[in-house]
Structures are given as C-alpha cells and as structure tokens.
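A structural walkthrough
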Amino acid sequence: MDLLKTYILPRLLQWLVVIVIGVTITFTIPRLLPGDPVEQTLRRVTANTAIDPRAMESFQNAIRDMYGLQGSPVEQYFRFWGRLFQGDLGPSLGAFPTPVTTIIANGLPWTIGLLGTSILISWTLGILLGTLAAYYPNKLWSQTLDKILIVIYPVPYFILSLLLVMAFAYYLPIFPLVGGATGRPGFTLAYIGSILRHAFLPALSLVLLGTSFRFLIAKALAGRVIASSYVSYAELAAVPTPRIIGRYVLRNSLLPQVTDLALSLGALFNGALITEVVFSYPGIGFQLYTAILQADFNLIMGVTIFSIIGIATAVLIADLIYPLLDPRVRYQ
Amino acid sequence: MTVIRDMFRFSPSFRWGAGMLLLILVLVALSFVSPYDQFARREVPNNRPPSREYVFGTTALGQDVFWQATFAIRNTLIIAGIAVLVSRAIAVLIGTFAGYVGGLTDRVLSAFTDTFIVIPVLPLIILIATILQGNLGMVQLGVLLGLLDWAWPSKRYRAQILALREEEFTQTAIFSGMGRLKIIWHEHFPFLIPFTLADMVSGFLYAIGLEITLAILGLSNVSLPTIGTMIYWANYYQALLANRWWWLLAPIGITIVVVVAFYLVSSALAVFLDPRTRLKNLAAKGTGA
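Residues numbered from 1 in each chain as written. Chains lettered and ligands numbered in written order. Predicted model: local features only at pLDDT ≥ 70, side-chain atom pairs only at ≥ 80, totals over all residues. Heavy atoms only, no water.

1. Quick notes on the overall build of chain A
As a reminder, the rule being used: Helix and strand assignments follow DSSP, with helices taken as H or I runs no shorter than four residues and strands as E runs no shorter than two, numbered in order from the N terminus. A 1.4 Å probe rolled over the protein chains alone gives each residue an accessible area, and that area as a share of the maximum for its type sets the label: buried under 20%, exposed over 50%, partly exposed in between. Should any heavy atoms of two residues lie within 4.5 Å, those residues are counted as being in contact. Areas reported here follow the Shrake-Rupley algorithm with a probe of radius 1.4 Å; residue values treat only the protein chains shown as occluding.
Secondary structure assignment for chain A yields 13 helices and zero strands. Listing every helix and strand of chain A by position from the N terminus yields α-α-α-α-α-α-α-α-α-α-α-α-α. Residues counted as buried form 45% of the 332 residues belonging to chain A. Considering only residue pairs separated by 6 or more positions, chain A has 73% of its internal contacts joining residues 24 or more positions apart. As presented, chain A carries roughly 16800 Å² of accessible surface, and 69% of it is formed by carbon and sulfur atoms.

Have a look at this one:
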C-alpha cells in the first residue's frame, strides 16, 4: 500500500503532467507564432495543382475545422482535448482523406521494431563492454575500444548515419539503400530475411549511437563500484573474477542504468526519427519527413502529440518496473 | 597559464583536442578574408573535383567548397554558441535555485523539469520550424535550440547542488558561521566550474547536431551557409549519386574534427580542473617526489 502511495501515484501524476504540458505546448505554439498555418498550408498544397472550387472549399473548411479555429481560444483548447480523447487527430493533408492516426499506425510497427531491437542490443552491449573496460583499464582492447567510442560518441547522429549509408549502401552496396522490406508481406523466410536485411544498417547506426553513450556511462558507474571497499575485499578474499564482475560490479551499477534508460528514451526516439529519414525506413520518422516535404502540417502535429504520449507512457512503464529490480524501493 | 602548460604536458587528449581546435579557429579566421561573399553563387566553374586551384573542389551552385566550408563552420559555431548560452542560462538558474531553496519550490520546479526531459524535442522543433520556415535567422535558430535543451542539464545542476550541500565541508562552513552566499561562492563554486565547462561543451555539441538535422531536413534558412545547409544542398543536387563526394566530404570531415576536438578538450579540462583530482595530483606529487 505504501508503495502505491509513495511510488506509483507520483509516477502516474508525473505521466499526466507530461502529457498535459506537452499537448498544451503543441496546441499553443501554432497559435503564438507569426504566420497563419492554414493560409500557408493552402498556398503550398494548391501551389502547382488545379483543384476544383468545391473541393477547395471543403478542403479549406476541413483545415479550419481540423485546427479547431472556430470559437474562443479556451473553447478551441477543450475541443482539441475532446478530439484527442476520441483518438481523432484529423485528416492528413498530403494524403487528404486518410486520417493521421491511420498513417501513424502504419508506421508504428516499423519504428517500434527498429527502436526496440536497437535499444535492447545497445543497452546490453554498452553495459557489458563498459563494465569490462572499467575492470581492465590497462588492456589494449579496452583502451582501443575507449578511443573508438570516444570518437563516435560526439559525432552528430545525422552525420554518423550518412557515413554508414555512403559506406555500406552506396560505395560497397552490401545493404539496400531504401525501404523496410521487399516482396509480399507474410510469415515467409524470404520476407523476414528481407526485413532483417533492410533493418540492419539503420539498426547498426542506432546501436552505435546507443552503445557509445551507454559504454561511457557504464564505465564511469562501474569505476565507482570497483573503487569501493567491498570489491577490494572480494579480490583479497580470492573470489573468482567472473563472480566479482557479475555479482558485485555489474549488479550494483545496473540500477542507475535502468532509470537512465527511461530518461534517454526521448533522445533515442529522436535518433530513430533521423535514422528513418536517412535510410528511408518506413516508420514514423519517415512519415514525419514526408509530412515536412508536403507541408502536411496536420501530420506533423499528429506525430508530435503522438510521440509525446508514447514516450511519456514508455517512461512510465520503465518507472513502474523499477521497484521489481530495486529492493530498496520495494521495502521502503 | 600554468594550467594550460600543465595540461599540454600531462594530458594527451588535451594536446590532440587543442591542436584540432586551432585548426578550426584558423578556418573560422580565414572566412573573414574569403575572396567570395558567403551568399554568392556562380563564382567558379561548377562541379570541379579537388584540384590545386580549388582545394576541396566546387559545388553544383558554383561555389568553392573550401571557402564555403569556412563560412559554414563559422555560422554553425555561432548558432550553437547562442543555443548553449540560452539553454545553460535557464538550466543554471532553475537547477541551482531548486537545489538551494528546496521544499515545495524544488518539487514544482523538478516536476516541470522532468516533464521537459521526457517530451521528445525533435518533433517539437520540427513543428516550430515548419511554421516559421525561412524566417529563422541565425539568432532565432540559436535561441530556439537553446529554449528546448535546458531540462536535462538543469536536473544535473540541481543534483550537483544537492550533493554539495550534503558535503562535510559545507556543514563545517555553516557551523563556523560562514554566510550563505559566501559558502556558495567560495566553497561550492570551484566544484561547479569544471562541471559547467564540460556541460557547456556537451550542450554545444548537441546544438551542432540539431542545427545539422534541421538544415538537412530543409527547415532552417537554407541560403545561409552552415554545416547542415551545405549537406542539404549537396543532397539536393544529389552529390552522392553523381559521385561528387568532395561536396559532402568537407562538411562531414569538419564536423567530426570539431566535435571530437571539443569533446577531448572538455573531458581533459573536466578531469583537470576538478578540485578533487587536483588534490589527488598534489598528494601524488608530495609522496612521489
């Protein structure tokens, strides 16, 4: 019961606050900035196409209605929430009558699959390598790894993935340049193989990003544990090294990593958006890019709101799992 | 001065970083004596590979890649600099205030900060930039990037203050009747400097990354030469498909040199300026020599 009051309820409250503030910002920004998005949208969408007047009018009404521009700002605000609760983010402007939610739903499995896999791999790899490198700081392999990751870590993500595309899809065409998969969707070996082949480079770039970041943190955390007296004692007591690393060092430096994973989800999500643009991978990020190119303002808003809610929920889940891992929270 | 001399002597990563920074500074300085205007096009023959006359080749827009790159790096550094000043001003203010005042103020500010940590920044920036498209000058872009990157550092400043407040020497200072501001200034500030320096560099690198991202997506003012817009135009004219690699090589190469240089210098500085490591060095010197 105590756990519920001191741990779970505040987390739920924070989740609500994040969503309310995030959605409010997304609602407010277009209204505060100079420039009328409706005009802009209309001008851009109708720039090189002849649309018959009736369609034009329904289009204009759709846009006004979609932005909820009728009534006072307060009324607009509540209507905005009302529609959000019904899961209605309005129609896309690029693919006009298709609802934004349908488009997002189409991209979602690709993004979650890519992001989930690469987070899992990079988190495990980064922590393992970081802990080992902290335990053996003078070995040649740990110093080499350290130098390589220090160079990779600060490189802007766009540049990193651009380099990978240039190297492995363009100059050495080992991997496909664009797309998520080829062939007929289904549970066939060929289709799954094609998915894996297409996902390899995008995932590799995300794994490189995540691993170098995780490695540096894991090394610092493990270094602190290794300096503590119980590790020195275990070494003096001739406890086998694998046991020291696994039971003492790794175990004790793991908890902050779980919290940190939750907090870095947003950054990784940003990374996934960029990956999909660079590799033309058919997830949410690529749809966002298409939306930018087509000035599909509604889809951009939809993706923004959706990512805020999605990331907030993912962080909430990570927070709720935390007590299962940390006995100190459970027995408080 | 002795600090810098010592760092040159003892820290190889500082040596490398400082050397690379010098190279960047030379490039920035060269931009002021460029024979071309930074917005000028069709000044030189199109699409020439690197040669003695055009060291880094020329673009499809008729610009000399080398001179274009000097402008690009200058503008990108200015944008990132503005972003860092804005974001760190907010972060230090909120973080240290929450840390020192505590209580309800702290809880409200922390909840607010945590909210902004969770909200994914990129879609939000894209939303704003889409509406403002073309109207984003250097200063505005810098301020915008800064306004969206204060939450994470603010949380870390708060954690630093909380940790410092628990230190034994803080208690000693309080009990010996030292004033509150004096404690902050004399006892805590020296510990915060190395942290702030390292943090500012990481914010700087983050801002560079965001500038590049926005520009490649075509969301900033693409006529202004920056690292990002150089890549944007190279993509626009399909430099890769046409095998004009030199157009992409310059911005990518420069970016890697810049970020690695700043990172090396900042990590070396953070290690060296930290009073704790300095004390350790002194102790080692005392016993060793």
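That was the structure; now back to the text.
2. Some remarks on the overall build of chain B
To keep it simple, the criterion reads: Counted charges follow a simple rule, with Lys and Arg positive, Asp and Glu negative, and His plus the chain ends left uncounted. Taken as the charge centre is NZ of Lys, CZ of Arg, CG of Asp or CD of Glu, depending on the residue.
Looking only at helices and strands, chain B has 12 helices and zero strands in total. The helix and strand sequence of chain B, counted from the amino end, reads α-α-α-α-α-α-α-α-α-α-α-α. Each principal axis of the C-alpha distribution contributes one length, and for chain B these read about 75 × 55 × 30 Å. For chain B, contacts bridging at least 24 residues in sequence account for 69% of all contacts bridging at least 6. Only carbon and sulfur atoms are counted for the fraction: they give 67% of the accessible area of chain B, which is about 13600 Å². Both charge centroids of chain B, one from 21 positive and one from 15 negative side chains, sit 3 Å from each other.

3. Here we look at helix H11 (residues 284-293) of chain A
Selection criterion: What the arc measures is the spread of directions leading from the helix axis to the C-beta atoms.
Inspection of H11(A) places Ile284(A), Gly285(A), Gln287(A), Leu288(A), Ala291(A) and Ile292(A) among the buried residues, and these make up the whole buried set. For H11(A), the angular spread of buried residues about the axis comes to 160 degrees, placing them on one side. Where H11(A) is buried, its residues contact helix H5 (100-135), helix H10 (241-279) and helix H12 (297-325) of chain A together with helix H5 (121-132) of chain B. A positive backbone phi angle near 55 degrees is found at Ala295(A), which sits one or two residues after H11(A).

4. Digging into the packing of helix H3 (residues 65-101) of chain B against helix H7 (residues 151-166) of chain B
Residue and element names in this part refer to chain B. Under the convention used in this document: Lines fitted to the C-alpha atoms define the axes, with helices restricted to the stretch that makes contact. Angles between their N-to-C directions range from 0 to 180 degrees. Crossing chirality is assigned from the near helix's rotation relative to the far helix, an anticlockwise turn below a right angle marking it left-handed and a clockwise turn marking it right-handed. Only Asp, Glu, Lys and Arg are considered charged in this grouping, and only Ala, Val, Leu, Ile, Met, Phe, Trp, Tyr, Cys and Pro are considered nonpolar; every other residue, Gly among them, is considered polar.
Axis separation between H3 and H7 bottoms out at 7 Å; the angle between their running directions is 35 degrees. Crossing handedness for the pair H3 and H7: right-handed. Listed contacts from H7 to Arg88, Ala91, Val92, Ile94, Gly95, Thr96, Ala98, Gly99 and Tyr100 of H3 are Pro153, Ser154, Tyr157, Arg158, Ile161, Leu162 and Arg165. Here the contact of H3 with H7 is composed, by residue class, of nine nonpolar, four polar and three charged.

5. Here we look at the nonpolar core
We apply this condition: Only buried residues count toward a nonpolar core, which is a set of Ala, Val, Leu, Ile, Met, Phe, Trp, Tyr and Cys residues joined through side-chain atoms within 4.5 Å. Residue ranges labeled as domains rest on an automatic or database domain assignment.
If you look at the biggest cluster of nonpolar residues, it comprises 140 residues, and the most contacted ones within it are Ile73(B), Ile126(B) and Trp247(B). The element that contributes the greatest number of residues to this core is H3(B), accounting for 14 residues. In terms of domain composition, this core takes at least three residues from each of domain 1 (37-86) and domain 2 (107-293) of chain A. Aside from chain neighbours lying at most four places away, what touches Ile126(B) is Leu288(A), Ile292(A), Ile300(A), Leu214(B), Leu217(B) and Leu219(B). Counting residues in each nonpolar core, the second largest holds 10 residues, with Ala134(A), Val231(A), Ala234(A) and Ile245(A) among its members.

6. Focus: the interface of chain B and chain A
Note the following rule: Note: buried area is the sum, over both parts, of the accessible area (probe 1.4 Å) each one loses when the two are combined. We define a polar contact as two N or O atoms separated by no more than 3.5 Å, with the added condition that, inside protein, one atom must be a possible hydrogen donor and the other a possible acceptor, whereas residues neighbouring each other in sequence contribute only through side-chain atom pairs.
Contact residues are listed per partner, giving 44 residues for chain B and 47 residues for chain A. In total, chain B and chain A occlude about 4000 Å² of area from one another, counting both sides; carbon and sulfur atoms represent 82% of this. Here chain B is connected to chain A by three residue pairs in polar contact (both at pLDDT 80 or more). For the side of chain B that touches chain A, the secondary-structure elements that each account for two or more residues are helix H4 (103-118), H5, H7, helix H9 (180-216) and helix H11 (245-273) of chain B. The element that contributes the greatest number of residues to the side of chain B that touches chain A is H5(B), accounting for 10 residues. When the residues that make up the side of chain B that touches chain A are grouped by side-chain class, the tally is 35 nonpolar, seven polar and two charged.

7. Let's talk about the packing of helix H1 (residues 2-32) of chain A against H4(B)
So the rule is basically this: Orientation categories follow fixed angle ranges, with anything under 35 degrees roughly parallel, anything over 145 roughly antiparallel, 65 to 115 roughly perpendicular, and all other angles oblique.
Where H1(A) contacts H4(B), the axes come no closer than 9 Å and their chain directions differ by 65 degrees. On the basis of their axis angle, the class for H1(A) and H4(B) is roughly perpendicular. As H1(A) runs across H4(B), the sense of the crossing is right-handed. For the pair H1(A) and H4(B), contact is made by Gln14(A), Val17(A), Val18(A), Ile21(A) and Ile25(A) and by Ala111(B), Phe112(B), Asp114(B), Thr115(B), Phe116(B) and Val118(B), respectively. Here the contact of H1(A) with H4(B) is composed, by residue class, of eight nonpolar, two polar and one charged.

8. A look at the side chain of Thr76(B)
Along the polypeptide, Thr76(B) turns up in helix H3. Residue contacts for Thr76(B): discarding those within four places in its chain leaves Ile208(B), Glu211(B), Thr226(B) and Ile227(B).

9. Comments concerning unusual backbone geometry
Residues and elements named next belong to chain A. The phi angle at alanine 238 is positive, at roughly 60 degrees, despite the residue not being glycine. Looking at the element boundaries, alanine 238 is found in the loop between helix H9 (229-236) and H10. By relative accessible area, alanine 238 is classed as exposed at 61%. Despite not being glycine, serine 280 has its phi angle at roughly 45 degrees, a positive value.

10. Considerations on a nonpolar patch on the surface
Keep this limit in mind: The residues that make up patches have over 30% relative accessible area and no salt bridge, and they are joined within 9 Å when like-charged or within 5 Å when they are Val, Leu, Ile, Met, Phe, Trp or Tyr. Salt bridge criterion: a side-chain nitrogen from Lys or Arg within 4 Å of a carboxyl oxygen from Asp or Glu.
Taken together, Tyr171(A), Leu172(A), Ile174(A), Trp245(B) and Leu249(B) make up a surface patch of nonpolar side chains, about 500 Å² in accessible area. Topologically, Leu249(B) is positioned in helix H11. Residue class for Leu249(B) comes out exposed when judged on its relative accessible area of 53%.

11. Focus on the packing of aromatic side chains
All names here are of chain B. Selection criterion: Only centres within 6.5 Å qualify two rings of Phe, Tyr or Trp (six-membered ring in Trp) as a pair; their planes then separate them into stacked at under 30 degrees, edge-to-face at over 60, and tilted for everything else.
Considering all chains together, one arrives at 23 aromatic pairs over all chains under this definition. For the ring pair phenylalanine 112 and phenylalanine 116, a centre distance of 5.1 Å and an interplane angle of 65 degrees mean the geometry is edge-to-face. Placement of the pair is phenylalanine 112 and phenylalanine 116 together in helix H4, with a separation of four residues, close to one helical turn. Judged by relative accessible area, which is 36%, phenylalanine 112 ranks as partly exposed. Here a set of aromatic residues connected by ring pairs shows up, and it is made of Tyr232, Trp233, Tyr236, Tyr237 and Trp247.

12. So, the confidence of the model for chain A
When pLDDT drops low, the exact placement of atoms in the prediction is not to be read closely. Just so we agree on the cut-off: Within a predicted model, pLDDT stands for the predictor's per-residue confidence, ranging from 0 to 100.
A residue-level look at chain A finds 85% of positions with pLDDT of 70 or above and a mean pLDDT of 81. Averaged pLDDT values for the elements of chain A fall to 65 in helix H2 (residues 37-45) of chain A and rise to 89 in H5(A).

13. A closer look at helix H6 (residues 138-147) of chain B
Along an α-helix, residues three or four positions apart point the same way, because every turn accommodates 3.6 residues. Residues Leu141(B), Gly142(B), Leu144(B), Leu145(B) and Gly146(B) constitute the buried set of H6(B). Taken together, the buried residues of H6(B) touch H3, H5 and H9 of chain B.

14. Points about the pattern of salt bridges
Residues and elements named next belong to chain B. For the structure on display, the rule yields seven salt bridges over all chains. A salt bridge links arginine 156 to aspartate 199; its shortest N-O distance comes to 3.6 Å. Taken together, the residues span a long stretch of sequence, with arginine 156 in helix H7 and aspartate 199 in helix H9 at a distance of 43 residues. Classification of arginine 156 as partly exposed rests on a relative accessible area of 31%. Among the residues examined, aspartate 199 registers a relative accessible area of 1% and is labelled buried. When salt bridges with common partners are traced through the structure, they connect Arg88, Asp149, Arg156 and Asp199 into a single cluster.

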